[in-house]
Amino acid sequence: MKKLILSFAMAALVAGGAVAQQGPTKQSAAPQAQAKSGPAITFDSTEHNFGEITQGDVVEHTFTFTNTGTQPLIIDRVDVTCGCTSPDWTKEAVMPGKTGFVKAKYNSAGRMGQQKKAITIHSNTGEPTYVYIVTNINEKPASAAKAQ
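Residues numbered from 1 in each chain as written. Predicted model: local features only at pLDDT ≥ 70, side-chain atom pairs only at ≥ 80, totals over all residues. Heavy atoms only, no water.

**Comments concerning the sheet that holds strand β5 (residues 85-89)**
If you walk across this open sheet you meet the four strands as β1-β3-β6-β5, and the pairing is antiparallel. Only two strands of the sheet have a single partner each, and these edge strands are β1 (41-43) and β5. The sheet shows a mean angle of 25° between the axes of neighbouring strands, taken without regard to direction. Where β5 lies against strand β6 (residues 99-107), five bridges are found, and the strand directions are antiparallel. Residue pairing across strands places W89 opposite V102, the latter belonging to β6. (Pairing = 2+ DSSP bridges. Helix = DSSP H or I, 4+ residues; strand = E, 2+ residues; numbered from the N terminus. Axes fitted to C-alpha atoms, helices over the stretch in contact; angles between N-to-C directions.)

**Quick look at the sheet that holds strand β8 (residues 129-138)**
Read across the sheet, four strands follow the order β2-β8-β7-β4 without closing on themselves; strand pairing throughout is mixed. Both outer strands of the open sheet, β2 (47-54) and β4 (75-80), are each paired with one neighbouring strand and no more. Strand-to-strand, the axes of this sheet are offset by a mean angle of 20°, without reference to chain direction. Strand direction decides the pairing type here: β4 and strand β7 (residues 113-123), joined by five bridges, are antiparallel.

**Some points on the nonpolar core**
Within the largest apolar cluster, 22 residues are counted, with the highest numbers of intra-cluster contacts made by F43, F65, V102, I119 and I121. Mapped onto this core, the elements with two or more residues apiece are β1, β2, β3 (58-67), β4, β6, β7 and β8. Residues in contact with V102, not counting those within four places in the same chain, are F43, H61, T62, F63, F65, I75, V78, D88, W89, I119 and I121. (Core = buried A, V, L, I, M, F, W, Y, C linked by side-chain atoms within 4.5 Å. Buried < 20%, exposed > 50% of the residue type's maximum accessible area, 1.4 Å probe, protein only. Contact = heavy atoms within 4.5 Å.)

**Concerning the confidence of the model for the protein chain**
Overall, the prediction assigns the protein chain a mean pLDDT of 83, with 72% of residues at 70 or greater. Under a pLDDT of 50 for its full length, residues 8-34 has, in the predicted model, zero contacts with residues more than four places off or in other chains. (pLDDT = per-residue confidence, 0-100.)

**Re the packing of aromatic side chains**
Evaluated as defined, the whole model comprises two aromatic pairs. Arranged with centres 6.5 Å apart and planes meeting at 85°, the rings of F43 and F63 form a pair that is edge-to-face. On the criterion of sequence distance, the pair formed by F43 in strand β1 and F63 in strand β3 is long-range, its members being 20 residues apart. Relative accessible area serves as the criterion here: at 10%, F43 is assigned to the buried category. For F63, a relative accessible area of 1% translates into the label buried. Geometry around W89 places K91 over its ring, the cationic atom sitting 4.0 Å from the centre. Taking NZ or CZ as reference, K116 lies 4.9 Å from the ring centre of Y132, over its face. (Phe/Tyr/Trp six-rings, centres within 6.5 Å; stacked < 30°, edge-to-face > 60°. Lys NZ or Arg CZ within 6 Å of the ring centre and 35° of its normal.)

**Considering the environment of R77**
Within the secondary structure, R77 sits in strand β4. Taking C-alpha positions, R77 is 5.3 Å from H122, a pair spaced 45 residues apart along the chain. With sequence-adjacent residues up to four places away left out, R77 is seen in contact with W89, T120, I121 and H122. Engagement of the side chain of R77 in a polar contact is seen with the side chain of D79, the distance being 3.3 Å. (Polar contact = N/O pair within 3.5 Å; in protein donor to acceptor, adjacent residues only side chain to side chain.)

Right, here's the structure in full:
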């Protein structure tokens, strides 16, 4: 009788080890393939280059995004790196599949040369998102400065 019980115990151990080595079945792997639920912000473009502008010019660009998540997206705030940039953004919740905007107005007064300004978007996605404006500011011509 002992031999019979011992044989069943060994068979159960061997069978359990074989199942453990097969890895997950398709049913247990399916939840990993599902998209993470929640809001997700996807910008059409994360950088805009104004090119060459003249000192004192005020330029603006509107970045467009889509909520590619499964829950409404809410932008809490938008931070800029200096007072030369003024942000505006979609204030209401952006539903999944819908679009919104972040606008950056840049005043080049008192600035010269290459500029790259970060705009930080804080939303309910859990992580900040960054977009950038880039430009090269040329000195205002002396004749234009005297005319004013």
